[in-house]
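Close look at the chain arrangement
So the chains spell out like this:
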Amino acid sequence: MPTKETVAKADEALLAQLGYKQEFKRAFTPFEERTEPQLQVFGIAFSIIGLLPSIASVLFYAIPNGGPSAMVWGWAVASLFILCIGMSMAELGSAAPTSGGLYFWTHSFSSPRCRNLLSWIVGYSNTIGSIASVASIDWGCAVQIAAAASIGSGQTFVATEHKSCAGIYVAIVLSHAVVCCLGTAVLARLQNVYIGLNVCLCIAVIVGLPAATPKEFMNTASFALGNFSNLNGWSNGYAFILSFLAPLWTICSFDSSVHISEEAANAATAVPWAIVSAIGIAGVLGWAINVSLAFCMGTDLESILDSPVGQPMAQIFFNSFGQNGTLGIWAIVVLVQYMMGSSMVLAASRQSFAFARDGALPFSSILYRMNSFTGTPVNTVWFVAAISIILGLLAFAGPAAINAIFAISVTALYIAYSIPIAARFIFTNDFKPGPFSLGAFSLPVAIISISFMTFMDIVFFFPTTPQTDATTMNYTVVVLGGVLFLSLVWYYFPVYGGVHWFTGPIRNVSADDSPDNVSGHSSSVNKVEAGAEEKIV
C-alpha cells in the first residue's frame, strides 16, 4: 500500500502536470494511514445533497405536480438519470482533478477555435450555479427556522411571508462565511459530523415516521404508490416531469467534490468515487424517505401546502409527532440544512478561487489570494457570501422570484456540466482516463446525460402553471440569462473584454517544475491540448 508521503507527492505531481502549484493543504483524509477513496471528500458531496432537509426544501414542487406518485416514482426515475450525469463527470474528475474542474476540462478537450469562449461560459455558469445553490440552501434553512417558530408558537406566528425570512437568511449566510474562513483541517473534520447526522436523521424518519403517524393520516398502498394529484394545471405527463425539480435540486452540486480536489489526498480516485457513491446512496435513501412520507402524509394535500406552518414536511411531521416531537426532529433538520449551506459555501468559494486564479472574474487580483493564517481563500468566501445575499434580495419580488433561485442552481450547473462532457467526445483530443473509467459505456452514458440535462433545462424555464402573469412567471430565464448575457458582453467588450486577454487556465508552474516520475496515472491534459492544436494546424 502506498504511504501517505507517496500519495502526497503523486497528488502534487499530477497537479503540476495540470499546470498548477499546490496552494491548499490536502487535509481531506479521515484516516491517517489510508489512501483509498476518502470519506471526507464523499462527505462534501453527501452533506451538500443533505437528503431529508433538501427534500423538505423542495417538497412543494413534488406535491402539486403529481403528489405521492411524483414523490416516489419521480424520484426513482430522476435518480437514474442523475447517476448517469455523475458517472460522466466522475470520469473527467479522475482524469484531471483540479479545483477549476468543469471549465478546465472544457478548455482542455475543446477545439482551439472555441475553447476560450466555451471555458468562459462554463466558468460563469458554474459560478452562478454554485452561488445560487448557496442561496437556495440557505433560504431553505431560513424557511425551516421560521417553520420551527410557527410550530413553537402554536402557529400564532405565520411563516408564509417570504420577506420575514430575509433577515434570518442574511444571518445564516454571514455565519457560513465565518465558518468557511477556518482552516482546511477544521473544515475536513466537520464532514465526518455531517455524514453521521445525515444518515441518522434519514434512518430516524424512515423508521420513526410510520411508527408515530396516527391512523387517520396513514395512507393505503394504492394511494401512496398510485395516486396522482395534479394541482397546477399542466397535463399529467408534463406535471410529472416538473416534479423532477425536487430530486434534481436535492441530488445536485456533486461537482463540489471536484472543487476540493486540490485539498484531497489521492484525488484521482477519491473524487470520482465520492461523486458516484454520494449520488447512489442519496438516490436509495431519498427514495425510502419519499415512500415513508407518501404513506404518512394523509390525503388532504392542499392543506399541507397551505398550512400556516409554511413548510409541507414540517406540517407532515406535526401531524405525526405532535408539537414537541416535531420540534425535536425539526431542530436536527435545521442543523443538517445549516451544515449543507456551509459545505456549499466551501465548494463555491473554491470554484471561484480557481476561476479567479485564471483571471476570469472581476477583481480577480483581489479574489485570488490565500490567507496566510488560515490557509484558505478568505476573499472568495466573502465574495460568494455577498453575491448570495444579493440573490436573496429577490425575496422582496415575491415567492416566484425566490423560487427561481432553486431552478437556477440546477439549470446553470447543468449548462456547466453538459459542455465539458460533450467536448470530450465532439472535439478531437487525446483523452486518457484516470483510475475511474466507464470504458465502452462512456459514450452511451454521456449521450444520456447530455440529452437529459438539455431537456430539463428547457423544462425549468417554464412557469409553475399554464396561466401566469408578472408576479407568477418563472424568473429563472431572466436571472440566468441576464448573468450569461453580461458575461458575454464583458467577454466581447472592445479593448478590455476577455476575448482580448482570456486564454483559459493559466499555468502557475512551468513544465520544468513538474516531477518526472508520478505515482498513479498520468494526466492527459497536456496531450489533449497538443493534439487539438495539431488538428487545427
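The following refers to the structure shown. Being a predicted model, the structure only gives us computed values, none of them experimental.

**A word on the overall build of the protein chain**
- Per the secondary structure count, the protein chain includes 21 helices and two strands.
- Across the 537 residues that make up the protein chain, the buried fraction comes to 58%.
- Within the protein chain, contacts between residues separated by at least 24 positions form 84% of all contacts whose residues are at least 6 apart in sequence.
- Split by element, the accessible area of the protein chain, about 19,400 Å² in all, is 67% carbon and sulfur.

**Observations concerning the environment of Trp75**
- In this structure, Trp75 sits in helix α4 (residues 68-95).
- With relative accessibility at 2%, the residue Trp75 sits in the buried group.
- Between the C-alpha atom of Trp75 and that of Val284, which follows or precedes it by 209 residues, the distance is 9.5 Å.
- At 3.0 Å, the side chain of Trp75 and the backbone oxygen of Gly283 are in polar contact.

**Quick notes on the packing of α4 against helix α5 (residues 102-109)**
- It is the contact of α4 with α5, at a shortest axis distance of 11 Å, that shows an interaxial angle of 75°. It follows that α4 is roughly perpendicular to α5 by the angle criterion. Taken together, the residues of α5 that come into contact with α4 (itself represented by Met89, Leu92 and Gly93) are Leu102, Trp105 and Phe109.
- When its residues are assigned to classes, the contact of α4 with α5 shows five nonpolar, one polar and no charged.

**Let's talk about the side chain of Ser88**
- Along the polypeptide, Ser88 turns up in helix α4.
- Filtering out sequence-adjacent residues up to four positions away, Ser88 remains in contact with Ile421, Val445, Ala446 and Ser449.

**Examining the pattern of salt bridges**
- Overall, the coordinates contain two salt bridges when judged by the stated rule.
- Glu91 serves as the salt-bridge partner of Arg424, at 2.8 Å between the closest nitrogen and oxygen. Within this pair, whereas Arg424 is found in helix α18 (residues 399-426), its partner Glu91 is found in helix α4, the two being separated by 333 residues in sequence. Just as Arg424 is buried, Glu91 falls in that class too.
- Note that Asp430 and Lys432 form a salt bridge whose closest N and O atoms lie 2.5 Å from each other.
- By relative accessible area, Lys432 is classed as partly exposed at 32%.

**Quick notes on the side chain of Ser449**
- With respect to the element layout, Ser449 can be found in helix α19 (residues 442-459).
- For Ser449, a relative accessible area of 0% corresponds to the buried category.
- Ignoring any residue separated from it by four or fewer positions in sequence, one finds Ser449 in contact with Cys84, Ile85 and Ser88.

**Digging into the packing of α18 against helix α20 (residues 476-492)**
- Remark: α18 packs on α20, axes separated minimally by 9 Å, with the N-to-C direction vectors making an angle of 45°. Taken together, the axes of α18 and α20 lie oblique to each other. The way α18 lies across α20 gives a crossing that is right-handed. Touching Ala404, Ala407, Ile408, Thr411, Ala412 and Ile415 of α18 are Thr476, Val479, Leu480 and Leu484, all from α20.
- Across the contact of α18 with α20, the residue classes tally to eight nonpolar, two polar and no charged.

**Re α4**
- Across its 28 residues, α4 extends 41 Å between first and last C-alpha, which sits within 8% of the 40 Å expected from 1.5 Å per residue.
- Counting buried positions along α4 gives 22 out of 28 residues, so the element sits mostly inside the fold.

**What to know about the packing of aromatic side chains**
- Across all of its chains, the model carries 28 aromatic pairs by this definition.
- Relative to Phe244, the ring of Phe240 has its centre 5.4 Å away and its plane inclined at 70°; by these criteria the two rings are edge-to-face.
- Phe240 gets classed as partly exposed once you look at its relative accessible area, which sits at 22%.
- Ring centres 6.3 Å apart and planes at 85° place the aromatic pair Trp501 and Phe502 in the edge-to-face group.

**Here we look at the environment of Ala288**
- As for its position among the elements, Ala288 is in helix α13 (residues 267-296).
- Spatially, the C-alpha atoms of Ala288 and Ala76 are 9.9 Å apart, while their sequence positions differ by 212 residues.

**Quick notes on unusual backbone geometry**
- The phi angle at Ser253 is positive, at roughly 60°, despite the residue not being glycine.
- Within the secondary structure layout, Ser253 lies in the loop between α11 (245-250) and α12 (256-259).
- With a phi angle near 70°, Val495 is a residue other than glycine that sits in the positive phi range.
- When you line up the elements, Val495 lands in the loop between α20 and α21 (525-536).
- On the basis of relative accessible area, Val495 is assigned to the exposed category, the value being 62%.

**Quick look at a nonpolar patch on the surface**
- There is a patch of nonpolar side chains on the surface, built from Phe485, Leu486, Val489, Phe493, Val495 and Tyr496 and spanning about 680 Å² of accessible area.
- If you trace the backbone, Tyr496 turns up in the loop between α20 and α21.
- For Tyr496, a relative accessible area of 63% corresponds to the exposed category.

**Some details on the nonpolar core**
- If you look at the biggest cluster of nonpolar residues, it comprises 137 residues, and the most contacted ones within it are Trp105, Leu248, Leu293, Met313, Phe317, Trp330 and Tyr417.
- Once residues within four sequence positions are removed from consideration, Trp330 is found in contact with Ala56, Gln144, Ala147, Ala148, Gln311, Met313, Ala314 and Phe317.
- In this structure, Cys84, Met87, Val276 and Leu438 belong to the second largest nonpolar core, which totals seven residues.

Rules used in this analysis
- Residues numbered from 1 in each chain as written.
- Predicted model: local features only at pLDDT ≥ 70, side-chain atom pairs only at ≥ 80, totals over all residues.
- Heavy atoms only, no water.
- Helix = DSSP H or I, 4+ residues; strand = E, 2+ residues; numbered from the N terminus.
- Buried < 20%, exposed > 50% of the residue type's maximum accessible area, 1.4 Å probe, protein only.
- Contact = heavy atoms within 4.5 Å.
- Areas by Shrake-Rupley, 256 points an atom, 1.4 Å probe, with all protein chains shown as cover.
- Polar contact = N/O pair within 3.5 Å; in protein donor to acceptor, adjacent residues only side chain to side chain.
- Axes fitted to C-alpha atoms, helices over the stretch in contact; angles between N-to-C directions.
- Parallel < 35°, antiparallel > 145°, perpendicular 65-115°, else oblique.
- Nonpolar A, V, L, I, M, F, W, Y, C, P; charged D, E, K, R; others polar.
- Salt bridge = Lys/Arg side-chain N within 4 Å of Asp/Glu carboxyl O.
- Left-handed = near helix turned anticlockwise from the far one by under 90°.
- Expected span 1.5 Å × (residues − 1).
- Phe/Tyr/Trp six-rings, centres within 6.5 Å; stacked < 30°, edge-to-face > 60°.
- Patch = residues over 30% accessible without salt bridge, like charges linked within 9 Å, V, L, I, M, F, W, Y side chains within 5 Å.
- Core = buried A, V, L, I, M, F, W, Y, C linked by side-chain atoms within 4.5 Å.

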